[in-house]
Each structure stands twice: as C-alpha cells, then as structure tokens.
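Now for the letters of each chain:
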Amino acid sequence: MWCTNAGIAEYIITLVRTDPKGGSRSLSMILVPTDTRGLKVGPAEKKMGLRGSPAHGITYDDVRVPLENLVGPEGRGLQQTLATLDAGRISIAGISVGLAQAAFEASVAYAHDRKAFGQAISEFQAIQFKLSNMALEIELARTMLYKAAWTKDMGRPFNKEAAMAKLYATEMAERVCYEAIQIHGGNGYSRDYQVERMYRDARLMTIGEGTSEIQRLVIARHVLADE
C-alpha cells in the first residue's frame, strides 16, 4: 500500500524476504520494472492532500526478475530501508519548512491587504502575535533541519538529528498552516486561496517516513542510551 508515484514510475524497489529462516538479514531489495508480468499497480488513492504525488496499492502475482536486479548485497534490505528512512526524514523536514514558509508569506501578504475597521489587519496585535510565532517556529525548524543535513553530510550518525528535525518541522508546519487559515478567516477555508491546500498537504508530513510517535520513540532510545 501507499507506493509513492507507482503509477508514473518505471521501476519499484521492492523489499522481499530472501531467507525463510528470518532474522535481520533475511530481507533484500530487488528492482522490479513496472511493466513486469504479474505486477499490478492499483488506482491512485483518493488522498486528503499532496495530490501532486499519487500513491498506489501494489500486488505481485508470481513476479520474476533477473538475479542482477538485486539492489546491494543480499540480506541487507532491512539496513538499507532504515538508512533510507533516516535520509527521507530530513527530506520531509525540508518539505515541511517549505510549506510553512509559503503559508507564512501568504499570511503576511494577506494581513497587509485585508482591511477591517478601517485598517489593515496587520495592525492588530492578535495578527501580529500569530505572525511572530509563525516566524519563530519556522526559523527554529529550519535550524534543526540544517543541523541534521550537515550531520549527514559530515558522514556522522544522524538518526537522532533526523528524527528531531522531522518531528519538530512537521508538527510546526501543521501549526503554522493552521494559523495561516485563521489569519485568512473564511477565505482561508476556500480553495480560492492556497493556504487551504497547504494545510491539507502538511497533514501528511507527521505520518509519512514514520509518524510523530515513531520519531519520539527513536529520540527516546538515544536519550536513554546517552544517560
């Protein structure tokens, strides 16, 4: 389920069990062309948001590919998957910062343009406080994102940094997009304004590449091990 972009992909990297005895070295990655006999890509899921990136269910019926389609060493599939998740969490944090930044900029522009009681709503303290908090949270998330990316680039272990950046940035994006709709008022609930879409897109970020709950477990393991 939820195979991202399967409907437009030429290949799908598939995690399969290659050792029936089980264990951490029983899984391997195999490259499967999407036109392979027996591989069926289901219809795109009807998602709440992020509709520009379709997700599909996949079924395999006696699918066979050549041995050279093995990705990396046999039995290292689980380790490859976990490493991919760590890197993907940095990417999700980056998407979240971008969504939040876009919602923030739209809110600033709207606050300048929208008039109420004879003045722009940007003159009201309630709106100013919202924008201040949004700017603060975005800056904090961006700093955590850069730290995680830098740690990875330096070749250092970055599991904890990626989890922290992903957790904070994704939950921050949802808060910022929520406030963006509040600033837009009724217009924010309309598809005539982009913040409605941003809010729906941001909702997936706390789920994909490991939920917020999973990130907290990852962080807790590191915190307890450090103690």
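Above this text is the structure in question.
None of the values given here were measured: they were computed from a predicted structure.

K.L.:
Just checking my understanding: could you explain the nonpolar core for this structure?
P.N.:
Across soluble globular proteins, you tend to see nonpolar side chains buried next to one another. Among the nonpolar cores identified, the biggest contains 34 residues, and Ile121, Leu131, Met134, Met172, Val176 and Ile183 are the most heavily contacted of them. Where this core is concerned, the elements lending two or more residues are α1 (77-113), α2 (125-153), α3 (159-184) and α4 (195-205). Setting aside residues up to four positions removed in sequence, methionine 172 forms contacts with Ser96, Val97, Ala100, Glu137, Ile138 and Ala141. Within the second largest apolar cluster, six residues are counted, among which are Ile30, Val32, Leu39 and Ile58.

K.L.:
Can you help me understand the pattern of salt bridges in this one?
P.N.:
A side chain with one charge can pair with a side chain of the opposite charge if their charged atoms come near. Under the counting rule described, the total for this entry stands at 10 salt bridges. Notably, a salt bridge pairs glutamate 179 with lysine 130, separated by 2.7 Å at the nearest N-O pair. Pair noted here: glutamate 179 is in helix α3 and lysine 130 is in helix α2, with a separation of 49 residues, a long-range link. Of the residues examined, lysine 130 reaches a relative accessible area of 25% and is grouped as partly exposed.

K.L.:
For this particular structure, what's the right way to read unusual backbone geometry?
P.N.:
Negative phi characterises most residues that are not glycine, and trans characterises most peptide bonds. Phi at leucine 50 takes a positive value of approximately 50°, unusual for a residue other than glycine. You can see leucine 50 is positioned in the loop between β4 (39-44) and β5 (55-60).

K.L.:
Help me understand the pairing of β5 in this model?
P.N.:
The two faces of a sheet get side chains in turn, since along a regular strand they alternate between them. Pairing of strand β1 (residues 3-4) with β5, which is carried by two bridges, proceeds in the antiparallel orientation. Bridge assignment links threonine 4 to a residue of β5, and that residue is alanine 55. Bridge count for β4 against β5 is four bridges, and the pairing is antiparallel. Bridging across to β5, alanine 44 finds its partner in histidine 56.

K.L.:
Can you walk me through α3 in this structure?
P.N.:
One turn of an α-helix holds 3.6 residues; hence residues three or four places apart share an orientation. With 26 residues, α3 extends 37 Å between its outermost C-alpha atoms, agreeing within 8% with the 38 Å of an ideal straight helix rising 1.5 Å per residue. Directly after α3, the chain includes glycine 185, whose backbone phi takes a positive value near 65°.

K.L.:
Can you help me understand the sheet that holds strand β3 (residues 27-33) in this one?
P.N.:
Sheet strands associate in pairs through backbone hydrogen bonding, adopting either a parallel or an antiparallel arrangement. Strand order in the open sheet formed by three strands is β2-β3-β6, with antiparallel pairing between adjacent strands. Of all the strands in the sheet, just β2 (11-17) and β6 (70-71) have a single pairing partner and so form its edges. Bridge analysis of β2 against β3 gives seven bridges, and the strand direction is antiparallel. Bridge pairing in β3 links arginine 17 to leucine 27.

K.L.:
For this particular structure, what's the right way to read helix α5 (residues 212-226)?
P.N.:
Between the first and last C-alpha of α5 there are 21 Å, a value that for 15 residues agrees with the 21 Å anticipated at 1.5 Å per step. Looking at α5, one finds that the buried residues are Ser212, Gln215, Val218 and Ile219. For α5, the angular spread of the buried residues around the axis is 125°, confining them to a single face. Exposed side of α5, more than 90 degrees from the buried face: Glu213, Arg221, Leu224 and Ala225 are the residues found there.

Criteria and thresholds
- Residues numbered from 1 in each chain as written.
- Predicted model: local features only at pLDDT ≥ 70, side-chain atom pairs only at ≥ 80, totals over all residues.
- Heavy atoms only, no water.
- Core = buried A, V, L, I, M, F, W, Y, C linked by side-chain atoms within 4.5 Å.
- Buried < 20%, exposed > 50% of the residue type's maximum accessible area, 1.4 Å probe, protein only.
- Helix = DSSP H or I, 4+ residues; strand = E, 2+ residues; numbered from the N terminus.
- Contact = heavy atoms within 4.5 Å.
- Salt bridge = Lys/Arg side-chain N within 4 Å of Asp/Glu carboxyl O.
- Pairing = 2+ DSSP bridges.
- Expected span 1.5 Å × (residues − 1).
- Arc of directions from axis to C-beta.

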